[in-house]
Amino acid sequence: MKGLQWMAAALMAALLLLGTMSAAAAGPAAPSEAMARAENGDVIVTWAPPPASNIIVQTGCTASNLSMTPVAEAFMAQHPSFEIRMTGGTNDLAFTEWTEGRSDIAQASRAINAEERSKAREEGLQPVDIMVGAEAVSVLVNPDLGLEGLSMEQLRGIYNGNITTWSEVGGPDVPVERLGAVKGTNAYNLINSMVLKGDGYANMSHYDAADMPSEVMRREGGIGFLLHGQLPPGSEDMVIGISATEGGRHFRADEGTVFSSSYPLSRTFHLITAGEP
């Protein structure tokens, strides 16, 4: 979605500012080697990129690592004197590693909470929470089902196998045909953690985002999901609303509902630093 395009820029800026502080403390790095050539009567001297001399340790949850690793790689390519070491795990682990001094940045798929902020201050840290982006999962169904939306609990019942026909959620008497994102992707992991909550997926076929709409469409009782930012053009009419509670208001993913957390199948990404970077 357009509102998420600034995530890479915001993350790059945060890394650059933190990196500048590290570089100032460490001193300038010496170039590794030089090459000289004559060009139009001038002598041109170029230096090979210096080896990484400034290391930033960034601990984060697996979901944020999948999204932020390409940005970190781009940063290192532009600033070869820096090395960003990223480790995965959980949000809780990210905050613990950062608070106890084993990482320079904590990255998480939620904001730092009051208890974590208090522990950081006890260690002499002044936590600054920088929201750098968000992601959301959209749910698609065959439009012929005439379904406007589902609650989180109904979605859970569909994907854990407890709901087997659409008539159980206000639709026609048609069998549910579950489709899911590729295992290990952010969409797959988000549904697993935020919807299933330990239940585990029932049997289903897996497709990438490009193929998901057509695979859902060709099944009478088809339902699938993918990251909203990967929604192919022309498939918007297949997207249904999701409500946090039974009988609650159905929301669809857009910039406003995702960043306000009104849309329940979304999460924001954060970098937490010690003081303003």
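Here the structure is shown first, and the text comes after it.
Residues numbered from 1 in each chain as written. Predicted model: local features only at pLDDT ≥ 70, side-chain atom pairs only at ≥ 80, totals over all residues. Heavy atoms only, no water.

K.L.:
How should I be thinking about the overall build of the protein chain in this particular structure?
P.N.:
Within the protein chain, the secondary structure is distributed over 8 helices and 12 strands. Sequence separation of 24 or more characterises 70% of the internal contacts of the protein chain that already satisfy a separation of 6 or more. Entry remark: accessible area of the protein chain is about 13500 Å², with carbon and sulfur atoms responsible for 51%. (Helix = DSSP H or I, 4+ residues; strand = E, 2+ residues; numbered from the N terminus. Contact = heavy atoms within 4.5 Å. Areas by Shrake-Rupley, 256 points an atom, 1.4 Å probe, with all protein chains shown as cover.)

K.L.:
Please explain the pairing of strand β12 (residues 266–274) as it appears in this structure.
P.N.:
Put simply, side chains in a regular strand alternate between the two faces of the sheet. Burial of β12 is extensive: 8 of the 9 residues sit out of reach of the surface. Where strand β5 (residues 105–108) and β12 come together, 3 bridges link them in antiparallel fashion. Paired with A108 across the strands is H270, a residue of β12. Pairing of strand β6 (residues 127–141) with β12, which is carried by 9 bridges, proceeds in the antiparallel orientation. Following the sheet pairing, A134 is matched in β12 by T268. (Buried < 20%, exposed > 50% of the residue type's maximum accessible area, 1.4 Å probe, protein only. Pairing = 2+ DSSP bridges.)

K.L.:
Even after reading the chapter, I still don't get unusual backbone geometry, so can you show me in this structure?
P.N.:
Generally, phi is negative for residues other than glycine and the peptide bonds are trans, each holding for most cases. In this structure, K197 is a non-glycine residue whose phi angle is positive, near 50 degrees. Residue placement: K197 occurs in the loop between α6 (186–196) and β9 (205–206). Assessed through its relative accessible area of 59%, K197 is described here as exposed. Of note in the backbone geometry, S261 takes a positive phi value of approximately 65 degrees without being a glycine. The residue S261 is located in the loop between α8 (255–259) and β12 in this model. Accessibility expressed as a relative area gives 52% for S261, which makes it exposed.

K.L.:
Any chance you could explain the pattern of salt bridges here in plain terms?
P.N.:
Think of it this way: side chains of opposite charge can pair up when their charged atoms draw near. One pass over the structure, following the stated rule, counts 11 salt bridges. Between R267 and E135 there is a salt bridge, with the nearest N and O atoms lying 2.8 Å from each other. Placement of the pair is R267 in strand β12 and E135 in strand β6, with a sequence separation of 132 residues. For the pair formed by R267 and E135, the shared burial category is buried. Here R218 ties to E215 by a salt bridge, and the two come within 2.8 Å at their closest N and O atoms. When its relative accessible area of 58% is taken as the criterion, R218 is described as exposed. On the basis of relative accessibility, which here comes to 14%, the residue E215 falls in the buried class. (Salt bridge = Lys/Arg side-chain N within 4 Å of Asp/Glu carboxyl O.)

K.L.:
Is there a simple way to explain the pairing of strand β10 (residues 222–227) in this structure?
P.N.:
With 6 of 6 residues buried, β10 lies mostly within the body of the structure. Strand direction decides the pairing type here: β6 and β10, joined by 5 bridges, are antiparallel. Residue pairing for β10: V141 is matched across the bridge by I223. Bridging between strand β8 (residues 177–180) and β10 involves 2 bridges; their strand directions are parallel. By the bridge assignment for β10, E177 is matched with G222.

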